Each structure stands twice: as structure tokens, then as C-alpha cells.
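Each chain, letter by letter, is given below.
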Amino acid sequence: MIPLAVPDLSGREEEYLRACIASTFVSTVGPFVPRFEEQVAAAIGSRGAVATCSGTAGLHVALTALGVGQNDLVVLPSLTFIASANAIAQCGAQPWLFDVTQESWTLDPELLERRLAADTERRPEGLFHRPSGRRIAAVMPVHTLGLPADMHAIVPVARRYGLPVVADSAAALGATCRGKPPGALGADLSVLSFNGNKTVTAGAGGAVVGDDPELLALVRHLSSTARVGQDYDHDRPGFNYRMTNLQAAVGCAQMERWESLVAAKRRIRHRYDQAFAGLEGVEPFPAPPWVEGACWFSGIVLRSPTWEGREAVLRSRLRELGIDSRPFWKPVHLQAPYRNAPCTEMPVCEELWLRVLTLPCSAGLTDAEQDRVIAALLQAFQST
């Protein structure tokens, strides 16, 4: 079976892990954590980074640092992995779910501006959502599959309404938008994931990045149990969200090769796009001209909504041929925990997610393995 996405651990990961064990620094103290943070900040285009135990924890602490709290609303595209919404819920808040654009699968900036104008009102305490009476506390664009949202349009809208921006940049390491890396696109904070299936992994982990030293210091404080000094003194409710030295050791080895890992992902995407360019009823993953995506996942999109059931048939046939493939994220507004969350109309989300098929795209995927995937998919199409 050719798997969907497995890590490429062919660098100095083992060497660095052995160094951790030899030093006994295997928990949250050790030299690899600050080293990893420096590498991530430099690569993402931000002044600083705070490593966390997961991307979801990073989103939670970033939202908390920016004042998101009980009964607030946070603008979020519905087409995202549910962890984005869960981080909002962990703050005691609720997502206000928005549709995405067909062009990029990311938050629709025109819809954002239109609904903020129509459905909100300013009060002394902030911006409020008229239908629910809840305060709107932040906007969370998602760089879907490592493809940056149109921050050039989204951030000015958020600023006009006085809303901070937390970018879910989980898989966006290596991407650019109008020539700028994700950390330089105007968000107050951006959050990356280093889960095992990401292009660059630490086994698990995340990082909150930004340019404001005071805000990053607050994120670090909150993620370290809000401890004051060396005594057991804590000045507010905090979280134990720190990354371990073991995780950071793997992350450091990965960050030494991040550019080549992203290049491999892009090469895989390009070969799929070329191979299926003439296949009737199939479209490539989005590639707007104003961005260069990190190509975390690759695959195909079935063109016609009437083919929705065919995606599952194709997956079944591919598995018979020894190829792993997956469906796409079910939109958040269709998920049981968030069915009562306020949301916009969803014409793109509701017809898109059922037509997406993701294909093997590990950074270490060889041309021969990819040729086998391509041949299997073409065969699957012929037999369905």
C-alpha cells in the first residue's frame, strides 16, 4: 500500500534525539526548543515564535492572548479541519462560519465585508453580531492545505472593524502570497502545525508566530501555566502547552531541510496536474495567480456535482489497487458540535467537499511510486 502522507525522516532526526537522551533534557527544557523557534520564525517571516505541543493548542493560546473569551464569536471559514473550530470552542466562544471562494478554497473576503456590514453593530464594548447578540472577537482565516488566504483583502476588512486576525497557517510553511511568506501577511498571530503528516513535522507540535514581542511574551506565559518567576506563583489561568525538547529535536532536523521538503511537495503536485490534465471531468487543486502554495496535500477535484458519489467508489477501487486516498474535510457547519453556530450561505463549501479526492503525496514519494498512483487512478476511472 502506498500511504497518503508519511514523514521524511532522512535527516539528522536520530542524531538529535540521541543528543536529547544523552543530555537527559527530554521534557520542555533543553536547547532544541529555542533553536526550533528561531528556525521557524526565520522561515515563516516573523520576528518571533513560541513552540507549542500542537497546532490546536497554538490556536487556543493565540486566541486567548488576543482576548477571545466566553460567548464571543470568531469568524472562521467552514471549509477547514475541525481543529480550527475546536480551538475557538476551547475559549468558550463559537465560530461564525463563512463560505470560501471557488478560486482558492479560503475565506471569501467579499462575503466577509458584506456580512460584517449587514449583520454587525458597533457598541462601546466592541463589534456585535446583531442576530445572536454576541461580541465578535476575531477573524481566523485558514491557509487551506498550505494555500494562503487572500490576506491582502481580508486584513484591511478586519482592521476597519477593529478585529484582530489569527491565521490558521497549519500547513503553510513555504507558501507565499504576493511574494510574502505567511508570517508577513498582516495577521496579529499565525499558528503552524508540525503534526506527523505535515510536510515538516516534529511528530506533534505547533508554533505561534508574530511580530509583537509583548504579544508573543503573553503567548509564552499562557502556554507555560502562567507561572511567575521560579516559585509556584501563577497570575492567571494558564495552559501546559509547551513543546518538549524531544519534539523540537525532530523539528530542528526537519527545519534544516524544509525548503527541499516543500520543493518535493510542489513537484508531486505538478506531476499530478500534468498527468490528469486531459482526464475528462477532473480539475486540479486550486492555484490562484497571487499565491504559491506549500502543496501540503495533492489530488483531484471531480468537476460535476453529479459525480459526488463517484469519489467514494474511486477510493474503494484505489484501495484494491494498493493506493491510499482520502476524502476532504466535511465543512464545520455540517459537523454535529457546530450545527447551531451562525453561518452564511454556503454554495461553495456544500458542493465542493464531496468532490475532492486526495492522493499519496509524501515528500519522499518516488517518481516510480507516483507513476503507480497515476496508473491506478486512470484504471479506476475506466472501471467506474
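Just so it is clear, the model here is predicted, and its values are computed rather than measured. The residue count restarts for each chain, going from 1 along the sequence in the order it is written. Totals for whole chains, interfaces and linings use every residue, but because this is a predicted model, local features are given only for residues with pLDDT of at least 70 and side-chain atom pairs only at 80 or more, for both listing and counting. Where side-chain values are given, they derive from all heavy atoms of the structure, hydrogens and water being excluded.

### Some points on the overall build of the protein chain
The line we're drawing: Per the convention used, a helix needs a DSSP run of H or I reaching at least four residues, while a strand needs a run of E reaching at least two, with both numbered from the N terminus. Radius of gyration: over C-alpha atoms. The globule rule applied is 2.2 Å multiplied by the number of residues raised to the 0.38 power. Per-residue accessibility, obtained with a 1.4 Å probe over protein chains only, is compared with the maximum for each type, and a residue is labelled buried under 20%, exposed over 50%, and partly exposed between these values. By the convention used here, residues are in contact when the closest approach between their heavy atoms is within 4.5 Å. The protein chains shown are the only cover counted for residues, whose accessible areas, like all others here, come from Shrake-Rupley with a 1.4 Å probe. Positive charge is attributed to Lys and Arg, negative charge to Asp and Glu, and no charge count is given to His or to the chain ends. By convention, charge coordinates are those of NZ in Lys, CZ in Arg, CG in Asp, or CD in Glu.
Looking only at helices and strands, the protein chain features twelve helices and 14 strands. Here the C-alpha radius of gyration of the protein chain, 21 Å, is about what a compact globule of 384 residues would show, namely 21 Å. The dimensions of the protein chain, computed from C-alpha atoms along their principal axes, are 65 × 60 × 35 Å. The buried share among the 384 residues of the protein chain stands at 57%. Sequence separation of at least 24 residues holds for 72% of the intrachain contacts in the protein chain that already meet a minimum separation of 6. As presented, the protein chain carries roughly 15600 Å² of accessible surface, and 52% of it is formed by carbon and sulfur atoms. Put simply, the protein chain has 36 plus and 40 minus side-chain charges, and the middle of one group is 2 Å from the middle of the other.

### Focus: the packing of helix H10 (residues 310-320) against helix H12 (residues 367-382)
Heads up, the condition is: Fitting a line to C-alpha atoms yields each axis, with helices limited to the stretch in contact; the angle taken between N-to-C directions then spans 0 to 180 degrees. Any angle that is under 35 degrees is reported as roughly parallel, and any over 145 degrees as roughly antiparallel; angles of 65 to 115 degrees are reported as roughly perpendicular and all others as oblique. Two helices crossing with the near one rotated counterclockwise from the far one by less than a right angle form a left-handed crossing, whereas a clockwise rotation gives a right-handed crossing. Under the grouping applied here, Gly and all other residues not named as nonpolar or charged are polar, the nonpolar ones being Ala, Val, Leu, Ile, Met, Phe, Trp, Tyr, Cys and Pro and the charged ones Asp, Glu, Lys and Arg.
At a closest axis distance of 9 Å, the pairing of H10 and H12 adopts a crossing angle of 125°. With respect to each other, H10 and H12 are oriented oblique. Read as a crossing pair, H10 and H12 show a hand that is right-handed. Here Arg310, Leu314, Arg317 and Leu318 of H10 lie close against H12, whose contacting residues are Ala376, Leu377, Gln379, Ala380 and Phe381. For the contact of H10 with H12, the class distribution of residues is six nonpolar, one polar and two charged.

### As for the packing of aromatic side chains
Note the following rule: Any two rings among Phe, Tyr and Trp, with Trp reduced to its six-membered ring, count as a pair given centres within 6.5 Å; such a pair is stacked if its planes are under 30 degrees apart, edge-to-face if over 60, and tilted if neither. Whether a charge sits over a ring comes down to the Lys NZ or Arg CZ being within 6 Å of the ring centre and within 35 degrees of the ring normal.
Here the structure, examined in full by the defined rule, presents nine aromatic pairs. Taken together, a centroid distance of 6.0 Å and an interplanar angle of 10° make the contact between Tyr272 and Phe276 stacked. With respect to burial, Tyr272 and Phe276 carry one shared label: buried. Taken together, Trp105, Phe285, Phe328 and Trp329 form an aromatic cluster joined through their ring pairs. Here the basic side chain of Arg123 rests over the ring of Phe128, its NZ or CZ set 4.2 Å away from the ring centre.

### Brief notes about the pattern of salt bridges
Under the convention used in this document: Any Lys or Arg side-chain nitrogen located within 4 Å of an Asp or Glu carboxyl oxygen qualifies as a salt bridge.
The final tally for this structure, using the stated rule, is 24 salt bridges. A salt bridge links Arg178 to Asp150, with the nearest nitrogen and oxygen atoms 2.9 Å apart. Taken together, the positions of Arg178 in the loop between strand S8 (176-177) and strand S9 (189-193) and Asp150 in the loop between strand S6 (134-139) and helix H6 (151-160) put the pair 28 residues apart, joining distant regions of the chain. Several salt bridges converge on common partners, so that one network encompasses Arg114, Arg115, Asp119 and Glu345.

### Describing the sheet that holds strand S1 (residues 48-52)
Our working definition: Two strands qualify as a pair provided that DSSP identifies no fewer than 2 bridges between them.
Strand order in the open sheet formed by four strands is S1-S10-S9-S7, with mixed pairing between adjacent strands. Since the sheet does not close on itself, it has two edges, and those belong to S1 and strand S7 (166-168), each with one partner. When the angles between neighbouring strand axes are averaged without regard to direction, this sheet yields 20°. Lying on the sheet, helix H2 (residues 32-44) is in contact with S1, S9 and strand S10 (206-210); it crosses S1 at an angle near 125°.

### Some points on H12
Defined as follows: To estimate the expected span of a helix, subtract one from its residue number and multiply by 1.5 Å. By definition, the arc is the one covered by directions from the helix axis to the C-beta atoms.
Taking 1.5 Å of rise per residue, 16 residues should cover 22 Å, and H12 covers 23 Å from first to last C-alpha, within 8% of that figure. Turning to H12, its buried residues number three or more, namely Gln370, Val373, Ile374, Ala376, Leu377, Ala380 and Phe381. Each buried residue of H12 sits inside an arc of 165° when the element is viewed along its axis, so together they form one side. Exposed residues on H12 whose side chains face more than 90 degrees from its buried face are Ala368 and Gln382.

### Focus: the nonpolar core
Most often, soluble globular proteins have nonpolar side chains that are buried together. The line we're drawing: Only buried residues count toward a nonpolar core, which is a set of Ala, Val, Leu, Ile, Met, Phe, Trp, Tyr and Cys residues joined through side-chain atoms within 4.5 Å.
The biggest cluster of nonpolar side chains holds 73 residues, and the ones touching the most others in it are Leu63, Trp105, Phe276, Ile300 and Leu359. Excluding residues within four positions of it along the chain, Ile300 makes contact with Phe276, Val282, Glu283, Phe285, Arg355, Val356, Leu357, Leu359, Leu377 and Phe381.

### Concerning the sheet that holds strand S14 (residues 356-359)
The strand order S11-S13-S14 describes an open sheet built from three strands, whose pairing is antiparallel. One side of each edge strand has no neighbouring strand; the edge strands of this open sheet are strand S11 (282-283) and S14. With two bridges joining them, S11 and strand S13 (residues 298-302) adopt antiparallel strand pairing. Each bridged residue has a counterpart across the sheet, and for Val282 the counterpart in S13 is Leu302.

### Here we look at the confidence of the model for the protein chain
The condition that has to hold: You can read pLDDT as the predictor saying how much it trusts each residue, on a scale of 0 to 100.
Mean pLDDT over the protein chain works out to 96, with 98% of the residues at or above the 70 mark. Within the protein chain, H10 has the poorest average pLDDT of any element, 88, and strand S2 (residues 73-77) the best, 99.

### What to know about unusual backbone geometry
For Asn71, which is not glycine, the phi torsion reads 70° and is therefore positive. Judged by relative accessible area, which is 45%, Asn71 ranks as partly exposed.

### What to know about the packing of H2 against helix H8 (residues 245-255)
Orientation of H2 relative to H8, taken along the N-to-C sense of each, is 40°, at an axis distance of 8 Å. One element, H2, and the other, H8, form an angle in the oblique class. Handedness of the H2/H8 crossing: left-handed. Between H2 and H8, the contacting residues are Phe32, Val33, Arg35, Phe36, Gln39, Val40 and Ala43 on the first element and Asn245, Ala248, Ala249, Gly251, Cys252 and Met255 on the second.

### Considerations on the environment of Ala138
The topology assignment puts Ala138 in strand S6. Taking the C-alpha atoms as reference points, Ala138 and Ala248, 110 residues apart in sequence, are found 30 Å from one another. Residues in contact with Ala138, not counting those within four places in the same chain, are Leu63, Val68, Leu73, Val74, Val75, Leu163 and Pro164.

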